[in-house]
Amino acid sequence: MEFILYIKLLVFLVFLVFCSITTAGELAKKYIVEHGLESSVGQLFVVGLPTDYKNTVGSSEYKELISELNVSGIIINSYNLPSNSLKKERVKSAVSDVTSLINKIKYESNLIESPLLVFADFESYRYSSIHYPLNPPPNPMVLASTGDTKYSYYSGKLAAAQLKAIGVDVILGPVLDLDKSTQGKVNRMTSMRSFSSSVHVALPHLYAYLDGIRSGGISSFSKHFPSYGGTYEDAHTEPLSYVGSKEQIEEDLKSYNELKNIFDGVMTSHLILQQGADNIPASFSEEFFKKYMSVFSEKIVITDDLSDMESSAHYIKKKYKEFTLEKAALEAFKAGNDFLLFSHINSKNGGKYSKRSNFYVSDVKLAILELTKVIRESPKYREIFEKKLEKILFFKKNKAMKKASGNVSGNVESVLKEFSEGVSVEDFYKEVYSNAIIEISYGKSRSIKNYVAEDKILFLIPEGFDYDEKEFDGYNVDYLIVKRTFNSKQYIEFKRTLLTNLAKYDYVFFSVNSGDHINSIDYVRLEEKELLNKLVVFLHTNPNFIPPALIDEVTIYSNYSLDPISYAIDFDFVKGYFDSKPRKNSSLSIADGSVHNVNNTPAPIKGKYVSKDLDDFKTSYEKILFFENKALKNKIDDLESGSKGYLKINSNVRFLYIFSLFLIFCFYSYTYWKACQINEGWEHYKNNKRIFFIIKSFKIFLLFWILAAFFPNSLIVISIIKILENIGLNWIVMPIFESWS
């Protein structure tokens, strides 16, 4: 009887669900059995690529890293995709070269259970792994200066759209650290990488930016915890300690908690916590992980770079007498990190990649062998490893792309169309930069808008910026190219040149982007202070570089960016195309709060991308809570996180679908029974075309529903979904994917 067949089908369905639920934690065990422990340990490593896009044919080292050592991911560095070389090609050809490189390394990872992850830094024009042919986003300080979260959202979405097109799966960012620089003393780890020095300014922009990245279709690993925000030196060159109390680190942790539903991972820093008893860098400290990192148990935890930072190397050398990759990897693993990041791996083939760090592919192999030995011999570390591997495999299964499309222009166009019709990337960035201009120092010069054709004007232009001398046709304008940094002799010459030109011209517009530039202006203050009345500064660096004595002695407009587009904005501002905002809008304190205190900066306004439900919200914190509650309702975030909560949520969702399938089954069975009753048996039923069609349609629908629910990524389901979309019937199965992707 066919009725018996449907009973069997229902039993089989329940069996499938049961198997799926009971094996939700078995990915790691299965992987180890199929690929061996040593190969499985390779999944803990994210390493640099020891070649560039032109030399993959002659390089066997990257193949060894991926195919033989089975590393989990590759991080792209700027020397893998050198802009100077790529700029010799047209954009389309350069995109093809970049995509080809990433697809080539992804192809080497032929294990379906663990496709290769590709990581990249993509914070701003200065702090990015990839420049041309992509367009890195405006830096966080610029976005915060706009005072509007819509710019942060679309900047994050544009960044993700570009990276996704070339095959990058994870962006290492944004920086959640607050910039605690003081006037005249700049934090070199977070300068122009932080959104603000205040949570109430930074948090709404961070949420919007992360939301944009997520909407753009890739993952984000926020950084750094504990924060580099209070340090002033560079962790790449010396060991550093966390600056702040126990209460401060717990306050930092709150920011991560506010945002944890929209990022997938977190990067640990190499700072020593003075409050800790073990006095070792956080990334190597089991005590630190036990005390603070439990809140990230559902996230992927990755170390900051272990290959080229003195702050981590110093501890390893002190403990083991020498700095080796295997000891660094072992300590970081034991502490509790999931991914071990070695950003720079040298090539033994020589050339430009031979001195990026102290490590080679052979060192990665030794580290894997060392970790494998420890894991094999210790039940404790075996259990820890399997939990980490489970989380990693689940994350990769949901997030890793197998192949990049290379359609950068299409992805970008789609995002920009959502922002505004007919806008290019350059148009969007210009709008961002123009809305970020703040007058942070009120000098005594004539108004910038009062110059006339007879005035003698000089533009001091930074080296490398391609300007058009016809920008000010009809005016008495000269241009002088200025180097970013000087040696001692050049510095003395430039100070004198600046003094001479200030005496000679009516206006001097100076695009400043380095400490040397600022020091030369301070020299003018000391020598002939009245000449500062002729000077207008466009600041393309952190305002805390300005000595306190210069504040309100010279007119300074913020720009905060090294992006060439931002220099063009200086010209547009002089032409009067837009106005600046008062310094009360600054995302940093000025003169350590005596001139402007960031706590008095207005909270960012909601951008147009935000739901209209936020219209009545009075504070940024209400806005954040709204988003967090909204995110909590979206089960897909929890499913994608690879968390312990996955099993519980997954079981509940599956139960709902079992129940709905059971109802469909009952309805179908009843329909069949009635059809048989009306038509007096099976033979008559088959001859009734209308009933035959109804029953068969239900059967096909039921089978497809089961297939879509349990195998949503299968080729047949994806193909059918596309067909349904084309005819407007994708609503039939979309609830499955919205709740159970």
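Small disclaimer: the values here were computed from a predicted structure and weren't measured.

Participant: Give a description of the nonpolar core that names residues and reports values.
Facilitator: Judged by nonpolar contacts, the single largest core of 196 residues is most densely connected at Phe45, Phe119, Phe225, Leu340, Phe342, Val364 and Phe459. In terms of residue count, helix α8 (residues 149-166) provides more of this core than any other element does, 10 residues in total. Once you skip the residues sitting within four places of it in the chain, Phe45 turns out to touch Val71, Ser72, Gly73, Leu325, Ala329, Leu340, Phe342, Val364, Ala367, Ile368 and Leu371.

Participant: Account for the packing of aromatic side chains, naming residues and giving values.
Facilitator: Here the structure, examined in full by the defined rule, presents 39 aromatic pairs. Their ring planes at 50° and their centres at 5.8 Å tell us that Phe221 and Phe395 sit as a pair that is tilted. Of the two residues, Phe221 sits in strand β5 (residues 219-225) while Phe395 sits in helix α15 (residues 379-399), which places them 174 residues apart along the sequence. For the pair shown, Phe221 and Phe395 are each scored as buried. Both rings, one in Phe288 and one in Phe289, keep their centres 5.9 Å apart while their planes meet at 90°; by these two values the pair is edge-to-face.

Participant: Break down the sheet that holds strand β11 (residues 476-482) for me, with residues and values.
Facilitator: Taken together, seven strands build an open sheet; the order of strands is β11-β10-β12-β13-β14-β9-β15 and the sheet is mixed. Edge positions in the sheet fall to β11 and β15 (581-582), since each of these pairs with one other strand and no more. In this structure, strand β9 (residues 438-441) lies alongside β15, joined through two bridges in parallel fashion. Bridge assignment links Ile438 to a residue of β15, and that residue is Lys581. Packing of helix α19 (residues 515-528) onto the sheet brings it into contact with β11, β12 (507-512) and β13 (535-539), and relative to β12 it is tilted by some 145°. In this fold helix α20 (residues 564-574) packs onto β10 (456-462), β11, β12, β13 and β14 (555-558), with an angle of close to 165° to the strand it touches most, β10.

Participant: Lay out the packing of helix α17 (residues 425-435) against α20 in plain terms, naming residues and giving numbers.
Facilitator: Helix-helix packing is characterised by the crossing angle of the two axes and by the distance between the axes. Here α17 crosses α20 at 60°, and the two axes come no closer than 9 Å. Classed by the angle they form, the pair α17 and α20 counts as oblique. As for the relative orientation of α17 and α20, their crossing is right-handed in sense. Listed contacts from α20 to Glu426, Tyr429, Lys430, Tyr433 and Ser434 of α17 are Ile565, Ser566, Ile569 and Asp572.

Participant: Describe the sheet that holds strand β8 (residues 340-342), listing the residues and the values that go with them.
Facilitator: Here we have eight strands laid out as an open sheet, ordered β7-β6-β5-β4-β3-β2-β1-β8, and parallel in their pairing. In the strand order of this sheet, the two ends are held by β7 (300-303) and β8, each with one partner. Going from strand to strand, the sheet's axes swing by 30° on average, the running direction of each strand aside. For strand β4 (residues 170-175) and β5, the ladder comprises four bridges, and the chain directions are parallel. Bridging across to β5, Val175 finds its partner in Lys223. Across the face of the sheet, helix α9 (residues 199-216) comes into contact with β4 and β5 while running at roughly 170° to β4.

Participant: An account of the pattern of salt bridges is requested, with residue identities and associated values reported.
Facilitator: Tallying each qualifying case throughout the model produces 21 salt bridges. Between Arg193 and Glu123 there is a salt bridge whose closest N-O contact spans 2.8 Å. With Arg193 in the loop between β4 and α9 and Glu123 in the loop between β3 (117-120) and α7 (140-146), this pair connects stretches of sequence that are 70 residues apart. Residue classification places Arg193 among the buried residues on the basis of a relative accessible area of 10%. Across the pair Arg382 and Glu386 runs a salt bridge whose closest N-O atoms are separated by 2.8 Å. Placement of the pair is Arg382 and Glu386 together in helix α15, with a separation of four residues, close to one helical turn. A relative accessible area of 29% means that Arg382 is categorised as partly exposed. By relative accessible area, Glu386 is classed as buried at 16%. It is possible to trace a salt-bridge network through shared partners that takes in Asp121, Glu123, Arg193 and Lys223.

Participant: Which residues make up helix α12 (residues 310-320), and what values go with them?
Facilitator: Those residues of α12 that sit buried are Ser311, Ser312, Ala313, Tyr315 and Ile316. Taken together, the buried residues of α12 touch α13 (325-335). Trailing α12 by a residue or two, Lys321 shows a phi angle of about 75°, which is positive.

Participant: Which residues make up the environment of Ala120, and what values do they have?
Facilitator: With respect to the helices, strands and loops of the structure, Ala120 is situated in strand β3. On the basis of relative accessible area, Ala120 is assigned to the buried category, the value being 0%. For the pair formed by Ala120 and Gly173, sequence separation is 53 residues and the distance between their alpha carbons is 8.9 Å. Setting aside anything within four residues of it in sequence, one finds Ala120 in contact with Ser129, Ile130, Val168, Val170, Ile171 and Leu172.

Rules and cut-offs
Residues numbered from 1 in each chain as written. Predicted model: local features only at pLDDT ≥ 70, side-chain atom pairs only at ≥ 80, totals over all residues. Heavy atoms only, no water. Core = buried A, V, L, I, M, F, W, Y, C linked by side-chain atoms within 4.5 Å. Buried < 20%, exposed > 50% of the residue type's maximum accessible area, 1.4 Å probe, protein only. Helix = DSSP H or I, 4+ residues; strand = E, 2+ residues; numbered from the N terminus. Contact = heavy atoms within 4.5 Å. Phe/Tyr/Trp six-rings, centres within 6.5 Å; stacked < 30°, edge-to-face > 60°. Pairing = 2+ DSSP bridges. Axes fitted to C-alpha atoms, helices over the stretch in contact; angles between N-to-C directions. Parallel < 35°, antiparallel > 145°, perpendicular 65-115°, else oblique. Left-handed = near helix turned anticlockwise from the far one by under 90°. Salt bridge = Lys/Arg side-chain N within 4 Å of Asp/Glu carboxyl O.

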